[in-house]
Structures are given as structure tokens and as C-alpha cells.
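# Summary of the model geometry
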Amino acid sequence: MTLDLNLRVISTDTETGAPPVLLIHGFASSADMNWMRSRWVQHFTTHGRDAILLDLPGHGTDPYRNDGSWTPTRIRESIASALTEHGISKVDVLGYSLGARLGWEFAAHFPELVNKLVMGGAASIDPLAAFELDQARAFIDHGEAVHDEYTAKVITIAKAEGSNDFEALFRLIEAIKTDPYVPASKIPACPVLLVAGDHDDLATTMPELRRLLREAGTDSSIHWLPGRNHANAVTSREFKEKAVEFFSI
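### Section: the overall build of the chain
Per the secondary structure count, the chain includes 9 helices and 7 strands. Computed over the C-alpha atoms, the radius of gyration of the chain is 17 Å, within 12% of the 18 Å expected from 2.2 N^0.38 for a compact globule of 249 residues. Of the contacts made within the chain by residues no fewer than 6 positions apart, 77% connect residues no fewer than 24 positions apart. As displayed, the chain has an accessible area near 11,000 Å², and 49% of this comes from carbon and sulfur atoms. Positive and negative side-chain charges of the chain, numbering 23 and 34 respectively, have mean locations separated by a distance of 4 Å.

### Considerations on unusual backbone geometry
Positioned with a positive phi, Arg39 is a non-glycine residue whose angle comes to about 70°. Its location among the elements puts Arg39 in the loop between α1 (31–36) and α2 (40–46). Unusually for a residue other than glycine, Ser97 sits at a positive phi of about 60°. Among the secondary structure elements, Ser97 is positioned in the loop between β4 (91–96) and α4 (98–109).

### Focus: the layout of surface pockets
Taken as a whole, the largest pocket encloses approximately 560 Å³ of empty space. Around the largest pocket sit 30 residues that line it, and Phe27, Tyr96, Ser97, Ile157 and His230 are the ones nearest its centre. A per-element tally of the lining of the largest pocket places helix α6 (residues 149–159) first, with 4 residues. Its residues placed into classes, the lining of the largest pocket shows 19 nonpolar, 8 polar and 3 charged.

### Some thoughts on helix α8 (residues 206–215)
Every buried residue belonging to α8 is among Met206, Leu209, Leu212 and Leu213, and all of these are buried. Buried residues of α8 fall within an arc of 110° about the axis and therefore sit on the same side. Against the buried residues of α8 lie α4, β5 (114–120), β6 (192–197) and β7 (220–225). The first or second residue beyond α8 is Gly217, which carries a positive phi of 80°.

### Topic: the nonpolar core
Ranked by internal contacts, the top residues of the largest apolar core, which has 54 residues, are Leu22, Phe27, Ile79, Leu83, Phe106, Met119 and Phe131. The next biggest cluster of nonpolar side chains, apart from the first, holds 22 residues, and it includes Val41, Phe44, Leu193 and Val244.

### So, the packing of helix α3 (residues 72–85) against α4
Close contact between α3 and α4 brings their axes to 10 Å; oriented N to C, the two are set at 60°. When the axes of α3 and α4 are compared, the crossing they make is right-handed. Counting all contacts with α3, which are made through Pro72, Ile75, Arg76, Ile79, Ala80 and Leu83, the residues of α4 involved are Arg101, Leu102, Glu105, Phe106 and His109. Classifying every residue of the contact of α3 with α4 by side-chain character gives 7 nonpolar, 1 polar and 3 charged.

### Here we look at the side chain of Ser124
Note on placement: Ser124 falls in the loop between β5 and α5 (133–142). Judged by its relative accessible area of 13%, Ser124 falls in the buried class. Apart from the residues within four sequence positions on either side, Ser124 is in contact with Tyr181, Pro183, Thr205, Glu208 and Leu209.

### Comments concerning the sheet that holds β7
One open sheet holds the 7 strands; their spatial order is β1-β3-β2-β4-β5-β6-β7, and the pairing between them is mixed. A strand with exactly one partner marks an edge of an open sheet, and here the two such strands are β1 (8–10) and β7. Averaged over all pairs of adjacent strands, the angle between their axes in this sheet comes to 20°, without regard to strand direction. In the sheet, strand β2 (residues 21–24) pairs with β4 via 4 bridges, with the strands oriented parallel. Within β4, the position partnered with Leu22 by the bridge is Val93. The strands touched by α8 are β5, β6 and β7; relative to β7, the strand with the most contacts, the crossing angle is about 165°.

### Points about helix α9 (residues 237–248)
Compared with the 16 Å implied by 1.5 Å per residue over 12 residues, the 17 Å span of α9 between its first and last C-alpha is a close match. Tucked inside the fold, the buried residues of α9 contact β2, α2, β4, β5, β6 and β7. Of the residues that open α9, the one with a side-chain oxygen 3.2 Å from the backbone nitrogen of Glu238 is Ser236.

### As for the environment of Leu194
Here Leu194 lies in strand β6. C-alpha of Leu194 to C-alpha of Leu98: the two residues are 96 residues apart in sequence and 14 Å apart in space. When residues no more than four places from it in sequence are discounted, the contact partners of Leu194 are Met119, Met206, Leu209, Arg210, Leu213, Ser221, Ile222 and His223.

Calculation rules
Residues numbered from 1 in each chain as written. Predicted model: local features only at pLDDT ≥ 70, side-chain atom pairs only at ≥ 80, totals over all residues. Heavy atoms only, no water. Helix = DSSP H or I, 4+ residues; strand = E, 2+ residues; numbered from the N terminus. Rg over C-alpha atoms; globule rule 2.2 N^0.38 Å. Contact = heavy atoms within 4.5 Å. Areas by Shrake-Rupley, 256 points an atom, 1.4 Å probe, with all protein chains shown as cover. Lys, Arg positive; Asp, Glu negative; His and termini not counted. Charge placed at Lys NZ, Arg CZ, Asp CG, Glu CD. 1 Å grid on protein atoms, 1.4 Å probe; cavity = no way out; pocket = protein on both sides within 12 Å on 5 of 7 lines; lining within 4 Å. Points joined across faces, edges and corners; volume = space filled by probe spheres on them. Nonpolar A, V, L, I, M, F, W, Y, C, P; charged D, E, K, R; others polar. Buried < 20%, exposed > 50% of the residue type's maximum accessible area, 1.4 Å probe, protein only. Arc of directions from axis to C-beta. Core = buried A, V, L, I, M, F, W, Y, C linked by side-chain atoms within 4.5 Å. Axes fitted to C-alpha atoms, helices over the stretch in contact; angles between N-to-C directions. Left-handed = near helix turned anticlockwise from the far one by under 90°. Pairing = 2+ DSSP bridges. Expected span 1.5 Å × (residues − 1). Polar contact = N/O pair within 3.5 Å; in protein donor to acceptor, adjacent residues only side chain to side chain.

Structure representation (C-alpha cells):
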């Protein structure tokens, strides 16, 4: 069984012959928040690149969205199915935060579909594995204090997006916890660019991904954005320029 994902293809009038760019947003965000409001889509189309948007399970404003209880394995399989249904045989992939994890696994498991991969705000571990669901639910349902600092930070980020349904997000975390992120188990073979803010405390393990890529013989590079953190790196113009340059090589 696969997940029905509504892909939105935003086309440019310029024919470059380059594959479209698949954009995978982060946890508690959305395609609109990560990629439209931050002007990523405009940046890509200005450079002659089609963009493919999707809202992850439990995210976005589409009334058809499911309740979020899908594992990363099912998500990546469904992305592959949706691309095939749209007649898209090759993509460049840009993922941010949770989207970076999904991008790594998608490129590793479906190498025939991925030309290049950019991972933003990436880590070699899954931060959501440490999320304290019981504390989060007690806070949302009863206003009880959240004692875990990381859980409190994620809740604060999630509350900033008014369309978020917390129960849907919690169900996605439950599913993620059953499907651990082990990047060393399968490594992408396509070229990979790793990007994060140099103040991003969630991306401190990103160099471990670079080590895995080097050991596997995968072409890779890493770029730190000065003065940026996990929340604002995605809005960086320098990030956009690096991604377009990397995909264009």
C-alpha cells in the first residue's frame, strides 16, 4: 500500500533540458512555507527549472491530507510512484531538515530517479527520535509543562505555522520512531551537496554524512552558511545560489 501524494509541478517557460527539482519540506512546515514563501520556487523557475512540490503526510492545508501515520519508507515509495504516474523519470532533489533525511533515503533506494541531491539542515541522526510524545500531548491537551528542551523547541516551531494539526504531526513522529534513520545502511550514489547554517545546532553531525559519502566513493561537498541557524538557513539567498549552481554543473 502506498500513500497518495498530491504533487504540484510548477513549470517554467524556458526549456533547459534539465530535470525538474523535487522539493521536500521539513517537519511542521509545508511546501508553501518552506519553498513558496521563501521564494525557492521563484528562484528555480527564474533559472529555467521546473519545481515539484508536495506536502508530507499530516502537513499542509489540503483537506485530503491523511492523518500522518506513515513511515519514511512508505513516504519515499509513494514519492517514487507519484513521479512515475506523472511521467517523470529523473529529478534533482532538495530536502530540508526531515526532508533532507527523506532525500537521502529516496536517492539511496531509487538511484535511477535521482540526478543530484541537496540536503539542507541535515544530520546523521534523526532528531525526531528524541521527541517526547507524552510530554507534547500533555501540553497540547492539558497545558502541562514540557520539561524536555528539544521537545519544547519543536512545539514552538510547529505552533508558528497556523495550519498545523498537532495530532497529525504526533502520529507522523510515532511512525518515524518505528522506522529508524540509519544513513550508513544505504548511501546515495549521486552527487550530494550538504548545506547548513554554522549556528544550526541540529546539523552538528552533518560532517558524518560527508564521511559516509566519501567512504562510499560518492561525489560530495559541504557548505556552511555564516550566521544562519536551523530556522532561518532555508531563507538564505546564498543557499539558493549554491543549490542552483550545484544542480547546473
